[in-house]
Amino acid sequence: MGRLINIHTHHPTGRHLEPQGVGIHPWDADKTSLDVSIFQDAELIGEIGLDYACTTDRKAQEELFCRQLAVAEERRLPVVIHCVKAFEPILKLLLKHKIERVVFHGFIGSVEQAAKAVENGYFLSYGFCTERSTKTIKALQATPLSNLFAETDTTPRPIEEAYEMICKIKGCSHEELQWAIEQNYNRLFSINDK
Ligand SMILES: [Zn+2]
């Protein structure tokens, strides 16, 4: 099957491409103060974002998110977004900061939201939560192969299973999906074809 890309995992296996971002999670927005020196060697900023389902103060989340987006903008780094019930406000802030290389990790949302993300050239990463959400299954069906990633997030399940799930829902072959995700990875990190 070759080397796969797991765009967001908290349990790296070392067997695949598993990029690790640097950033402060919205859950920690009211516990941590941001020291931008953490981004010194960062190639990816994440996971950052907004979570309107948690109890962390929203103003604190928004302020932290904006500060990290400003770093991403200034250093032209890709971002991995944690988005829970905050799609519209996140979209607004991404556009305000002119962030172009964006992955919504663990995307849960509607066809309309997926279309809006794709319209802006963003990527949607699908994990095992997809299977439990009818609207997200439809969103995945509507997401072009050129705008998606696969992930395992906090689960210990292998990335192969996430690829299989996506192939089944989208009705594509493993080879097609693997090729598409490789191209997406290259675009996310601005790695040009030789
Ligand atoms: Zn997350």
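Structure report, in brief. The residue numbers shown here count from 1 along each chain, following its written sequence. Reporting in this predicted model follows two pLDDT cut-offs: at least 70 for local features of residues, and 80 or more for side-chain atom pairs to be given and counted; totals over whole chains, interfaces and linings ignore these cut-offs and use all residues. Each side-chain value is derived from all of the structure's non-hydrogen atoms; neither hydrogens nor water enter the calculation.

### A look at the overall build of the protein
Under the convention used in this document: Labels follow the DSSP assignment, with helices taken as runs of H or I lasting at least four residues and strands as runs of E lasting at least two, numbered in each case from the N terminus. What makes two residues a contact is simply this: any of their non-hydrogen atoms within 4.5 Å. Using the Shrake-Rupley algorithm and a 1.4 Å probe, accessible areas are obtained, with residue cover drawn only from the displayed protein chains.
Within the protein one finds 6 helices and 5 strands. In the protein, the order of α-helices and β-strands from amino to carboxyl end is β-α-β-α-β-α-β-α-β-α-α. In terms of principal-axis extent, the alpha carbons of the protein reach across some 45 × 40 × 30 Å. Counting contacts in the protein only where the partners sit at least 6 residues apart, residues at least 24 apart contribute 65% of the total. Looking at the protein as shown, the accessible area adds up to about 9,900 Å², and 51% of this sits on carbon and sulfur atoms.

### Quick notes on the pattern of salt bridges
Where charged atoms from two side chains of opposite charge come close, those side chains can pair. Keep this limit in mind: One speaks of a salt bridge when a side-chain nitrogen belonging to Lys or Arg is within 4 Å of a carboxyl oxygen belonging to Asp or Glu. Relative accessibility thresholds used throughout: buried, under 20% of the residue-type maximum; exposed, over 50%; partly exposed, between the two (1.4 Å probe, protein chains only).
Tallying each qualifying case throughout the model produces 6 salt bridges. Residue Lys31 pairs with Asp28 through a salt bridge whose shortest N-O separation is 3.7 Å. Looking at Asp28, the relative accessible area reads 29%, which means it is partly exposed. As a salt-bridge pair, Lys116 and Glu88 come within 3.4 Å of each other at their nearest N and O atoms.

### Remarks on the nonpolar core
The nonpolar side chains of a soluble globular protein tend to be buried with one another. Formally: We call a set of buried Ala, Val, Leu, Ile, Met, Phe, Trp, Tyr and Cys residues a nonpolar core when their side-chain atoms join them within 4.5 Å.
Formed by 60 residues in total, the largest nonpolar core has its most connected members in Val79, Ile81, Ile90, Leu94, Phe104, Tyr126 and Phe149. Top element by residues in this core is helix α5 (residues 159-170). It accounts for 7 residues. Sequence-distant contacts of Phe149, defined by excluding residues within four places in its chain, comprise Ile5, Ile7, Val103, Phe123, Leu124, Ser125, Tyr126, Ile166, Ile181, Asn184, Tyr185 and Leu188.

### A short note on the coordination of the zinc ion
Stated precisely, the cut-off is as follows: Any N, O or S atom lying within 2.8 Å of the metal counts as a donor, with the limit raised to 3.2 Å for Na, K and Ca; because water is left out of the atom set, some sites can appear incomplete.
Within the protein, the zinc ion binds to Glu47 (OE), His82 (ND1) and His105 (NE2); these donor distances fall in the range 2.0 to 2.2 Å. Each donor residue of the zinc ion lies on one chain, and together they are spaced E-x34-H-x22-H. With His82 in strand β2 (residues 79-84) and His105 in strand β3 (residues 102-105), the pair connects residues that are 23 residues apart, well separated along the chain. Across the pair, exposure class does not vary: His82 and His105 are buried alike.

### Remarks on the packing of helix α4 (residues 134-142) against α5
Spelled out, the test is: All axes are obtained by fitting lines to C-alpha atoms, using only the stretch in contact for helices, and the reported angles, taken between N-to-C directions, cover 0 to 180 degrees. What sets the label is the angle itself: under 35 degrees gives roughly parallel, over 145 gives roughly antiparallel, 65 to 115 gives roughly perpendicular, and the rest give oblique. Under the grouping applied here, Gly and all other residues not named as nonpolar or charged are polar, the nonpolar ones being Ala, Val, Leu, Ile, Met, Phe, Trp, Tyr, Cys and Pro and the charged ones Asp, Glu, Lys and Arg.
Where α4 contacts α5, the axes come no closer than 9 Å and their chain directions differ by 80 degrees. With respect to each other, α4 and α5 are oriented roughly perpendicular. Mapping the contact onto sequence places Ile137, Leu140, Gln141 and Ala142 in α4 and Ile166, Ile169 and Lys170 in α5. Here the residues of the contact of α4 with α5 are counted per class, giving 5 nonpolar, 1 polar and 1 charged.

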